[in-house]
Amino acid sequence: MAEQAKPRFRFYYTLSATIMLVMVSLLVLWYGRLQYEDFRVYQQVLAKNSVDGVADEIGEFVRDLEQAVVLFIEDEYPLIKHLIAFPEDQEAIASLREELNTHFPNHFAFTIADASGVPLLGNYDLLVNERCETDIQDFVAHGLDYDVYIHPHPQVYHFDIMSPLRAQGGTLGGVFFVSFRTDVLSRLITNGEIHGHDLFLLRKDRPGLIEVASGGARIELKERDGEFFLSDAELGRLEHRAAVGGTRWELVDIPKAGFYPDYLARIVQQSLLIMLLFFAVGGVFLWYIRREEARRAASERALQSAKEHLQHSLDFSDVGMWELDLVTRRIRWSPRAGLIFGASAPVSWEAYLELVDPGDRERMQAAVDKCMRTGNPCQLEHRLVLRDGGRRWVEVSGNIEGDAGLLVGLVRDITERKRAEQDRLEAEKRQNAALVREVHHRLKNNLQGVIGLLNQYVGRYPQSEEVFDRAISQLHSVSLVYGIQCDGAVGEIALPALLRAICRSTSDMTGRQIALNMLDASLDTIVIIPDRAVPLALIMNELVFNAVKHSVRGAVSIELQYEHDCAIVSVRNARASFPLDFDFDQNRGLGTGLALIRSLLPKQGATLTFAADGADVVAQLQLSPPVTRIATGLSTNANADESGAEQLAEAAHPRC
């Protein structure tokens with residue numbers, strides 16, 4: 001079979017190459033022909049524009065020259081009139097020649113004729129030849145009408161401009177005649193000539209006679225070797241012609257002899273080069289395709305074999321296979337993978353995403369998109385919510401399979417492993433909580449021991465009772481924090497529970513009544529961040545203790561409210577007043593308690609202000625994140641914290 005396939009492959013290879021060769025050849029020839037035709041059309045447009053433009057410039061130049069001669073006659077009319085009367089006056093002739101040189105540097109000769117066309121000035125230098133004299137007479141005879149053309153002359157070829165001289169009453173008094181060199185005409189032709197083309201100024205009444213070209217008048221065209229007429233071959237290549245108004249000339253454009261054949265030869269060379277390059281690149285490309293096809297076939301066979309071996313291996317494990325077609329978005333599952341989904345496995349990518357837990361869906365899609373974009377393998381764990389209500393944890397891995405447009409991977413049910421991990425984490429969490437509560441319990445007991453020692457010294461040193469009471473009160477507040485945490489609220493402490501415990505402890509110690517007003521039932525959900533609990537307990541204890549100390553009589557009023565994410569503790573000192581130099585922000589007029597409060601106050605999330613309200617002083621402590629936060633589901637713990645705090649407050653005063 002392999003031996004039979006090789007000749008067949010070679011036949012198709014040869015046939016494909018031959019067809020490609022013919023198609024490319026035809027395409028290149030067609031494109032070359034189009035390119036050549038476009039070039040000819042473009043050159044014809046250029047030739048027309050060139051001929052029309054230069055012909056207009058020459059006609060305009062002749063008309064301007066005629067007008068300039070008329071204006072010159074008007075300016076020099078007294079001198080010209082003098083020469084008509086005295087044609088032998090050489091000084092006047094020299095003066096007029098000097099003026100002509102100034103106004104017309106390119107002029108060749110001049111003369112003045114009478115009304116019959118006979119020259120009056122002596123033609124000593126023979127610049128005005130017989131043809132010029134004949135033209136002057138024809139100018140008069142034909143009603144002052146004259147078409148410009150080139151006059152041959154042994155010295156220089158030239159053309160004539162004639163203008164009538166009017167006598168009094170408007171009658172013809174003579175003719176003013178000026179001849180000009182052809183240099184200006186040659187420059188105009190040179191400026192308008194396009195590459196590969198020649199412009200010729202011809203005589204209309206003598207077909208093919210060259211008057212002027214870019215090289216000068218016909219006598220100056222050395223390359224023509226004395227041939228003044230265009231050849232039949234040149235006339236056959238003529239592209240465009242245009243008459244020059246007011247003259248006997250027409251302007252023609254003739255491409256050079258090899259202009260179009262040379263361009264056609266370049267196109268043929270380029271076409272052959274393109275074909276050779278194409279065949280060279282095509283041959284390499286076809287060889288590469290043949291090699292890659294053989295490699296792909298070998299890879300497919302190896303891959304299919306690997307799949308079969310892998311499937312046999314997976315049949316004996318808890319791992320399943322899946323395959324996603326990136327074009328149709330269809331998914332195929334192996335029998336082992338299909339068992340994860342129960343009754344029916346999803347058949348499309350969209351249906352599979354519907355089963356993915358909403359919390360994991362975006363992460364799953366992002367992982368697949370990254371795998372498709374980068375070609376790198378993807379692996380993640382996510383939750384499934386099955387149609388029967390069951391929930392599963394699965395581990396999915398996958399990768400792009402070559403250029404087949406497939407995403408292939410493995411899937412494994414890890415629900416039991418996740419449950420075991422969760423049980424282990426819960427056990428570790430309970431163990432850690434028990435350890436923390438034990439530490440807090442020991443700290444609380446140690447603080448109670450210190451409080452007991454201080455109570456013994458109060459009786460011995462009655463003069464320092466206030467100092468001992470303040471120290472004991474501060475230790476109470478710290479002990480309350482650890483007492484609450486060791487009684488169940490590990491970590492965060494409910495603000496109302498802590499404030500109630502501080503008020504009860506201070507009231508038991510001082511014997512003063514303290515009224516705590518909770519203005520909002522939802523305040524029980526406000527908790528204090530653990531690392532801020534001790535400083536805030538000391539601050540609130542000092543505020544309550546100062547209120548008891550400085551209030552003249554009656555109950556101390558404390559309010560707790562919540563506004564705009566901020567918990568506000570307001571302590572009212574009845575019938576109290578500020579010291580004269582009191583300034584809490586500037587640390588002036590502060591006693592020991594307020595100085596301690598100022599040093600313990602957190603930089604963020606806590607502010608303390610003092611204000612006079614009639615005869616009372618109100619201290620207001622405002623607490624907000626990051627010092628506090630709202631915790632859901634803490635009402636039960638808060639009550640437990642409060643109960644534990646009250647029990648601690650009762651047990652923490654052996655002196656009372």
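This one's a predicted model, so the numbers in the text were calculated from it and none came from an experiment.

**A short note on unusual backbone geometry**
Alright, step 1. The step from Pro625 to Pro626 runs through a cis peptide bond, and the omega angle for that step is 15 degrees.
Alright, step 2. Examined against the element boundaries, Pro626 turns out to sit in the loop between strand 21 (616–623) and strand 22 (628–630).
Alright, step 3. Look at Asp225: it is not a glycine, yet its phi comes out positive at around 55 degrees.
Alright, step 4. Note on Asp225: relative accessible area 73%, which makes it exposed.
Alright, step 5. The backbone of Asn587 shows a phi angle near 60 degrees, a positive value even though the residue is not glycine.

**Comments concerning the pairing of strand 5 (residues 197–203)**
Alright, step 1. Judged by how many residues are buried, strand 5 sits mostly within the fold: 7 of 7 residues are covered.
Alright, step 2. Residues His197, Leu199, Leu201 and Arg203 point to one face of strand 5 and Asp198, Phe200 and Leu202 to the other, with burial holding for every one of them.
Alright, step 3. Two strands pair when backbone bridges link them, and strand 5 and strand 9 (residues 249–255) are joined in this way by 7 bridges, in the antiparallel orientation. Among the inter-strand pairings, Arg203 is bridged to a residue of strand 9, identified as Trp249.
Alright, step 4. Two strands pair when backbone bridges link them, and strand 5 and strand 6 (residues 210–213) are joined in this way by 3 bridges, in the antiparallel orientation.

**Observations regarding the packing of aromatic side chains**
Alright, step 1. Counting across every chain of the model gives 16 aromatic pairs.
Alright, step 2. Joined through ring pairs, the aromatic side chains of Phe72, Phe104, Phe159, Phe176, Phe180 and Trp249 make up one cluster.
Alright, step 3. The ring of Phe228 carries the charged tip of Arg218 above its face, separated from the ring centre by 5.9 Å.

**Observations concerning the nonpolar core**
Alright, step 1. Grouped together as the largest cluster of nonpolar side chains are 55 residues, with contacts concentrated most on Ile58, Leu96, Phe159, Phe176, Leu201 and Trp249.
Alright, step 2. Dropping the residues within four chain positions of it, Phe176 is found in contact with Val69, Phe72, Ile73, Ile80, Leu96, Leu100, Thr111, Ile112, Ile161, Met162, Ser163 and Leu165.

**Let's talk about helix 14 (residues 533–550)**
Alright, step 1. The terminal C-alpha atoms of helix 14 lie 26 Å apart, and with 18 residues this matches the ideal 26 Å at 1.5 Å per residue to within 8%.
Alright, step 2. Counting buried positions over the 18 residues of helix 14 gives 15, a clear majority of the element.

**Details of helix 13 (residues 495–510)**
Alright, step 1. Here helix 13 contains 16 residues, and its C-alpha end-to-end distance of 23 Å stays within 8% of the 22 Å for a straight helix at 1.5 Å per residue.
Alright, step 2. What helix 13 keeps buried is the set Leu495, Pro496, Ala497, Leu498, Leu499, Ala501, Ile502, Cys503, Ser505, Thr506 and Met509.
Alright, step 3. Looking at the residues trailing helix 13, positive phi occurs at Gly511, about 75 degrees.

**Comments concerning the pattern of salt bridges**
Alright, step 1. Under the definition given, this model contains 24 salt bridges.
Alright, step 2. Between Glu250 and Arg241 there is a salt bridge; the shortest N-O distance is 2.8 Å.
Alright, step 3. For Glu250, a relative accessible area of 13% puts it in the buried group.

**Side note on the sheet that holds strand 5**
The strands making up a sheet associate through hydrogen bonds between their backbones, and the pairing can be parallel or antiparallel.
Alright, step 1. The antiparallel open sheet is built from 5 strands, whose spatial order is 7-6-5-9-8. The open sheet has two edge strands with one neighbour each: strand 7 (216–217) and strand 8 (240–243).
Alright, step 2. Against the sheet, helix 5 (residues 183–192) touches strand 5, strand 6, strand 7 and strand 9, its axis set at about 65 degrees to strand 6.

**Observations concerning the environment of Leu536**
Alright, step 1. Note that Leu536 resides in helix 14.
Alright, step 2. For Leu536, a relative accessible area of 0% corresponds to the buried category.
Alright, step 3. C-alpha separation for the pair Leu536 and Ala606, spaced 70 residues apart in sequence, amounts to 9.2 Å.
Alright, step 4. Leu536 has contacts with Ile528, Pro602, Leu623 and Val627, leaving out every residue within four places of it along the chain.

**A short note on the sheet that holds strand 1 (residues 107–113)**
Alright, step 1. One open sheet accounts for 4 strands, arranged 1-4-3-2; its pairing is antiparallel. Each edge of the open sheet is held by one strand with a lone partner, namely strand 1 and strand 2 (150–151).
Alright, step 2. Direction of pairing for strand 1 relative to strand 4 (residues 172–181): antiparallel, over a ladder of 6 bridges. Note on strand 4: the bridge partner recorded for Ala113 is Val175.
Alright, step 3. Here helix 3 (residues 90–103) sits on the sheet and contacts strand 1 and strand 4; the angle it forms with strand 1, its principal contact strand, is near 135 degrees.

**A word on empty space enclosed by the protein**
Alright, step 1. For the structure shown, the criterion picks out 2 cavities of 30 Å³ or more.
Alright, step 2. Estimates place the volume of the largest cavity at around 90 Å³.
Alright, step 3. If you go around the largest cavity, the residues you meet are Trp322, Ile331, Trp333, Trp349, Tyr352, Met364, Val368, Cys378, Leu380, Val396 and Leu407.
Alright, step 4. Class assignment of the residues belonging to the lining of the largest cavity gives a composition of 11 nonpolar, no polar and no charged.

What counts as what
Residues numbered from 1 in each chain as written. Predicted model: local features only at pLDDT ≥ 70, side-chain atom pairs only at ≥ 80, totals over all residues. Heavy atoms only, no water. Helix = DSSP H or I, 4+ residues; strand = E, 2+ residues; numbered from the N terminus. Buried < 20%, exposed > 50% of the residue type's maximum accessible area, 1.4 Å probe, protein only. Pairing = 2+ DSSP bridges. Phe/Tyr/Trp six-rings, centres within 6.5 Å; stacked < 30°, edge-to-face > 60°. Lys NZ or Arg CZ within 6 Å of the ring centre and 35° of its normal. Core = buried A, V, L, I, M, F, W, Y, C linked by side-chain atoms within 4.5 Å. Contact = heavy atoms within 4.5 Å. Expected span 1.5 Å × (residues − 1). Salt bridge = Lys/Arg side-chain N within 4 Å of Asp/Glu carboxyl O. Axes fitted to C-alpha atoms, helices over the stretch in contact; angles between N-to-C directions. 1 Å grid on protein atoms, 1.4 Å probe; cavity = no way out; pocket = protein on both sides within 12 Å on 5 of 7 lines; lining within 4 Å. Points joined across faces, edges and corners; volume = space filled by probe spheres on them. Nonpolar A, V, L, I, M, F, W, Y, C, P; charged D, E, K, R; others polar.

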